[in-house]
Every structure is written in C-alpha cells, then in structure tokens.
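Below are the chains, spelled out letter by letter.
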Amino acid sequence: MDRPTAPPPSVDALSRQIADVALPHALLVRAAREALAAGEPDSARQRAELIARRQLQPVINATGVLLHTNLGRAPLAHRQAARYTNLELDLDSGRRGSRAAHAGPLLAELCGAPAALILNNGAGAILLALAALAVGRRAIISRGELVEIGGGFRIPDVLALSGAQLVEVGTTNRTRRVDYEAALAEGGDAVIVKVHQSNYKMVGFTESVGIAELSKLGVPVIADVGSGLLDANTPWLHSAPPRWLAGEPGVRQALEAGATLATFSGDKLLGGPQAGVVVGQEQAVQSCARHPLARALRPGALVLAALQETALAYVRRDADAIAFWRLATRPLAELEARATSLAAATGWEACQTAAAPGGGSLPGVEIASFGLCAPGDHRSALRANEPPVIARAEGGRTICDLRAVAPEDDRLLETALACAWAPAR
Ligand SMILES: *Cc1c(COP(=O)(O)O)cnc(C)c1O
C-alpha cells in the first residue's frame, strides 16, 4: 500500500529555506513558486542561483583578450556618492552651463584639438558626425572601408541613416587618390569619410590613401579612428610605445594630418567608460552639438564623471591609474612569476601564452604573456566558480591567461583553478 506523500511546502516556507541565496525576497519567492509549479520543490535553490547568476557581476578575465566585448571591454573603477553636480551649471556666472564643458575640453586638449563632444558610444559618435556634416552631401568612401564594425553595425547603413549620399570609390583592396579626385570632380557638396579598419587586416596587393593626402582635396575629412588611441607616441607611458601598438593610428595624428573630425570609443584603447568622442575643429564639433540627435545620444553625469577621471589620468600621464594600460604594460617577468606561483599551488602548468588587445582593435596583434594550462576543456567549471573565471580552450587544453587578470585576483583564481582541475595523483 502506498504511503500518503507529504504535502508540498508552502511558497513561504520554501523561499525561507533558500534565504541564503543573495537575492531580494521577491526573487526567492519567484524561484520557489516556479519550483512548486513544476512539481519540483527541491529545484528552488537551483532556480534561485540561476537568477542570481544572470545578474550583471564581476568576472575574472583569463581569456588573454584585454578588451573583450563580451566582458565589457576596458575594466574601469569609478565610485561616486549620491551628490548633485555642476553638470549643466557654470559655477562662475551661475548661469546654465553645458555638460560638454568637463571631459570634452580635457580630451580635446589631449588630442591637440580645439573641441570635443561626448556621446554614448563610438557608433553614436560616427552617426552624429555624419548626420551633422554629411547630410544632403555626397559622402565619399573607399570600398575597402565599407566595413561592419560588429553586431551588424555597418558603415554603409550608418551613412544612409545620417542622410548622406554614399559614393563608393576604388576597389576592396586598392583605392588611390585619383579615385577620390574623380568622385569630387563630379561636383556637388561632399565630405570624405575615412574608416579605420580596426577589426580586420588586409595584406598583400593593397593600397589606400592616408588622411594627410585626403585632407588636401579641399573637402572635410571625417575619420572614424575607432579604438581611441589618443596619441600614437603614448606620452602617458613611462617607456616608448609598446611594439604591439605599431601601426595603430592615434587620434592626435589623425587630426594633425588634417581630419576635420575624428571619432572614437571611450572603452577601447582609451580605457574609459562606454562612450563615444567626436573631436576636431571647433565649428564642426559645434555643428554636432547643435544637431537634434546630440541630445538623443548624450551620456549622463555618471559616464561623464568616469570619462573625466580617465582624461585627468592622461593629463597627469599616469597610465597606472588606467586599468587597461596597467594590465597591458605589466612586465612579462612579473606574469611569469605569478604563473609559476599559481602552478605550484594548483598543479596547473605555467605556460607562455599570447594575449591580444581585442575590442576590434589591432587585429592579429599579440602581446607576450604567461598563463596556466591544463589538459581538457574546463571552461564550464571555471565559469561556475564564484566569481566566474572566463578562460579559453586551445589545442585540447584550457588556458588561463594572466595578462588581463589583476594581481589582486590571483588568490581567487587559485581557488577556481584548483576546483576546476587537479592532476591525477
Ligand atoms: C569600435 C568601433 C566603432 C564602434 O564603437 P562602439 O563604441 O562599439 O559603438 C566604430 N568604428 C570603429 C572603427 C571601431 O573600431
């Protein structure tokens, strides 16, 4: 004879049983309800933990990719209290000021330009620059630069959206000055758009025209520099520009070469918050600022404060205050010593690795690094760690690269490594 089954627990009792999961009570109740509805009261904890796991949270980036789009690109520290700010107040006159008056001028000066405007992201910056300067005009661009930047964001679509008339010149691999000249000779108001091929590389039989040449052609040049290397000479570093930066265009250099406007992201090589910057000649930047889209694309005080903090670090030439540069320039010997010590503690093997800048910048470029390796694919176990560790799998091994791991996270990484895999003994 069957024994009568115990009645299922109440939602209230079940949600109290899992109260140690770090979630607000209402979300624990949701997990308990769902578990009871599924006829699996025991699954309440797992369901709650899943809800917690889906929240935005810190992870350890052991991929070796410093600017990983899935991991929020540049890591950034910024704290602020619940205080009012002079966001749009001129403290001297007491009159209405401008949110463009803080980080903007600092970044402009760092690029050697008269003016800059901050937007929400790089895509917003190029969209606004084109909408303000190229609307109703012919926008001349090389076929080699009609690129997709990522996530379906394609330059030809952005140009169409801005109200410019796209005029393609040259071929995919070769575009010459005469191609631009021929397009200009057809008449009508025009601008030239130059897009940095930041996320792919063309090698072999190629030719393109630099900004210096283009800016001699008598029409405004809008340069999407993309990754936001402020100055190719990296005056904020205490040493010469690292070799892996070779060939990456600086914003300062693009403007010196004659670009009317340059646009770039805040969270790539700049190492700041997600933002976009339009920088260049005063009148052109003012046209952007006055455009109705500027309001739709403007960031709030939180982003502007974080960007100002980043800009001030550049003014002080204090690369150590910018997490991206701090990580990117850690000496190889230091990474090796950390790898050796973690290997001794966990049984993983210390190995030489190749890290990358990432973020769609500097394709194919490697930064020498060290990491920990183990046979097999342990990425899922590492992601299950708290905090999650994001590793990469390569040639039948799991690699945890230390280039993008802050040294203060080594103890956390050690625990994660030891739990994910240990050598057979
Ligand atoms: C990354 C990038 C963008 C887009 O910037 P987001 O900040 O991702 O919006 C545009 N153009 C180039 C050349 C880029 O590299």
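Residue indices follow the written sequence of each chain, beginning from 1 at its first position. Confidence filtering applies because this is a predicted model: local features only for residues at pLDDT of at least 70, side-chain atom pairs given and counted only at 80 or more, and all residues used for totals across whole chains, interfaces and linings. The basis for the side-chain values is all heavy atoms of the structure; hydrogens and waters are excluded.

Enquirer: What's the story with the sheet that holds strand S13 (residues 367–375) in this structure? I'm lost.
Expert: One key point about sheets: their strands pair by backbone hydrogen bonds, in either a parallel or an antiparallel sense. With respect to topology, 5 strands assemble into an open sheet ordered S2-S12-S13-S16-S15, the strand pairing being mixed. With partners counted over all chains shown, the strands left at the sheet margins are strand S2 (65–67) and strand S15 (392–394), one partner each. Averaged over all neighbouring strand pairs, the angle between strand axes comes to 40°, with direction disregarded. Alignment of S13 against strand S16 (residues 397–401), held across 5 bridges, turns out to be antiparallel. When the bridges of S16 are listed, Pro375 appears paired with Arg397. Two strands are said to pair when DSSP picks up at least two bridges between them. Under the scheme used here, helices are H or I runs from DSSP no shorter than 4 residues and strands are E runs no shorter than 2 residues, and both carry numbers assigned from the N terminus. Axis geometry follows a simple rule: fit a line to the C-alpha atoms, using only the stretch in contact for helices, then measure angles between N-to-C directions, giving values from 0 to 180 degrees.

Enquirer: Would you explain the environment of Arg83 in this entry?
Expert: Mapped onto the fold, Arg83 is located in the loop between S2 and helix H4 (103–110). For the exposure calls, accessible area comes from a 1.4 Å probe over protein chains only, and a residue counts as buried if that area is under 20% of its type's maximum, exposed if over 50%, partly exposed in between. Residue Arg83 is classed as exposed on the basis of its relative accessible area, which comes to 67%.

Enquirer: Help me understand the layout of surface pockets, please; the structure alone is not making it clear to me.
Expert: Once rolled over the atoms, a probe with the size of a water molecule shows which space is left empty. Put plainly, a pocket is an open set of points on a 1 Å grid over the protein atoms alone with protein on both sides within 12 Å along at least five of seven lines, a cavity is a set where a 1.4 Å probe fits but cannot get out, and a lining residue has an atom within 4 Å of a point. Grid points are joined across faces, edges and corners, and a volume is the space filled by probe spheres set on the points. In this model, the largest pocket occupies a volume close to 1100 Å³. If you trace the largest pocket, you find 35 residues lining it, with Pro58, Val59, Leu71, Pro75 and Leu76 closest to the centre. Every element with two or more residues in the lining of the largest pocket is listed here: strand S1 (60–61) and helix H13 (323–328). Looking at the lining of the largest pocket element by element, the count peaks at 3 residues for H13. Three residue categories are used. Nonpolar comprises Ala, Val, Leu, Ile, Met, Phe, Trp, Tyr, Cys and Pro, charged comprises Asp, Glu, Lys and Arg, and polar comprises the others, including Gly. For the lining of the largest pocket, a count of residues per class yields 21 nonpolar, 8 polar and 6 charged. Start and end points for every domain follow an automatic or database-based domain assignment. Among the domains, domain 2 (60–75 + 330–424) and domain 3 (99–318) are the pair contributing at least three residues each to the lining of the largest pocket. One number sums up the size of the second largest pocket: a volume of about 620 Å³.

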